[in-house]
Amino acid sequence: MNSNRLYEMSPQELTQAMLHALVYHYANARTATIAERNRHLRQARELLTKLHQGLHDGGGIISAQLDELYLYMAKSSLEALIEQDMDKIEELHGLATDLDKTWGEAIENARLKPVPAGGNRYENYQ
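Throughout what follows, the structure given in this document is the object of discussion. It should be emphasised that the depicted structure is a prediction, and the values quoted were computed from it without experimental measurement. (Residues numbered from 1 in each chain as written. Predicted model: local features only at pLDDT ≥ 70, side-chain atom pairs only at ≥ 80, totals over all residues. Heavy atoms only, no water.)

## Topic: the nonpolar core
Ranked by size, the top nonpolar core spans 20 residues in total, and within it Leu-22, Tyr-26, Leu-48, Leu-51 and Met-73 carry the most contacts. With six residues, the top contributor of residues to this core is helix H2 (residues 11–29). If sequence neighbours within four positions are ignored, Leu-22 has contacts with Ala-44, Leu-47, Leu-48, Leu-51, Met-73 and Ala-96. (Core = buried A, V, L, I, M, F, W, Y, C linked by side-chain atoms within 4.5 Å. Buried < 20%, exposed > 50% of the residue type's maximum accessible area, 1.4 Å probe, protein only. Helix = DSSP H or I, 4+ residues; strand = E, 2+ residues; numbered from the N terminus. Contact = heavy atoms within 4.5 Å.)

## A few points about the packing of H2 against helix H3 (residues 34–53)
Packing of H2 against H3 brings their axes to within 8 Å, and their N-to-C directions diverge by 155°. Classified by the angle their axes make, H2 and H3 are roughly antiparallel. As H2 runs across H3, the sense of the crossing is left-handed. Here Thr-15, Met-18, Leu-19, Ala-21, Leu-22, Tyr-24, His-25, Tyr-26, Asn-28 and Ala-29 of H2 lie close against H3, whose contacting residues are Arg-37, His-40, Leu-41, Gln-43, Ala-44, Leu-47, Leu-48, Lys-50 and Leu-51. Considering only residue class, the contact of H2 with H3 consists of twelve nonpolar, five polar and two charged. (Axes fitted to C-alpha atoms, helices over the stretch in contact; angles between N-to-C directions. Parallel < 35°, antiparallel > 145°, perpendicular 65-115°, else oblique. Left-handed = near helix turned anticlockwise from the far one by under 90°. Nonpolar A, V, L, I, M, F, W, Y, C, P; charged D, E, K, R; others polar.)

## Structural notes on helix H5 (residues 86–112)
Between its first and last C-alpha, H5 extends 39 Å over 27 residues, near the 39 Å set by a 1.5 Å rise per residue. For H5, the set of buried residues is Lys-88, Ile-89, Leu-92, His-93, Ala-96, Leu-99, Asp-100, Gly-104 and Ile-107. As for H5, its buried residues are in contact with H2, H3 and helix H4 (60–83). At the N-terminal end of H5, a side-chain oxygen is found 3.0 Å from the backbone nitrogen of Asp-87, two or three residues along, and the residue is Asp-85. (Expected span 1.5 Å × (residues − 1). Polar contact = N/O pair within 3.5 Å; in protein donor to acceptor, adjacent residues only side chain to side chain.)

## Comments concerning the environment of Leu-55
For Leu-55, the location among the structural elements is in the loop between H3 and H4. Leu-55 sits eleven residues away from Leu-66 along the chain, and the two C-alpha atoms are 8.0 Å apart. In this view, Leu-55 contacts Ser-63, Leu-66, Asp-67 and Tyr-70; residues no more than four positions away in its chain are not counted.

## With respect to H3
Note that an α-helix has 3.6 residues per turn; residues three or four places apart therefore point the same way. Look at H3: 29 Å from first C-alpha to last across 20 residues, which is about the 28 Å you get at 1.5 Å a residue. When H3 is considered as a whole, its buried residues turn out to be Arg-37, Asn-38, His-40, Leu-41, Ala-44, Leu-47, Leu-48 and Leu-51. In the core, the buried residues of H3 are packed alongside H2, H4 and H5.

## Topic: the packing of H2 against H5
Two elements in contact, H2 and H5, have axes whose closest approach is 9 Å; the angle formed by their N-to-C orientations is 155°. Taken as axis vectors, H2 and H5 run roughly antiparallel relative to one another. Seen from above, H2 lies across H5 with left-handed handedness. Here Gln-12, Thr-15, Gln-16, Leu-19, His-20, Leu-22, Val-23, Tyr-26, Ala-27 and Ala-29 of H2 lie close against H5, whose contacting residues are Met-86, Ile-89, Leu-92, His-93, Ala-96, Thr-97, Leu-99, Asp-100, Trp-103, Gly-104 and Ile-107. The class makeup of the residues in the contact of H2 with H5 is 13 nonpolar, seven polar and one charged.

All quantities given are derived from atomic positions and should not be read as evidence of function.
In structure tokens form, the structure reads like this:
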């Protein structure tokens with residue numbers, strides 16, 4: 001992916017790209033040498049930091065839950081790096097895979113639902 005493409009991405013697409021990369025790094029950390037595993041785990045932590053920074057304070061319950069999940073994963077990545085804990089890396093890979101899949105489904109569902117034109121978006125809220 002070139003740098004111009006990054007600037008053309010929507011925030012949702014950028015988040016999806018970072019989640020794909022997160023899955024990639026955890027998947028490779030499972031089978032890599034110690035030095036490569038450490039590099040993959042460090043890069044995963046950097047991605048989690050960027051994902052965490054992209055959350056909005058007013059994002060509601062989902063944002064708060066993602067905040068906790070990103071912090072947990074970053075902390076666990078550091079522990080896995082220090083302890084070379086393969087079980088923890090497997091857990092992180094599973095969490096990242098689930099996040100990536102869920103985010104992809106959310107983007108697809110958003111594309112399928114038409115956006116109402118005009119009016120107050122809360123007028124039909126119950």
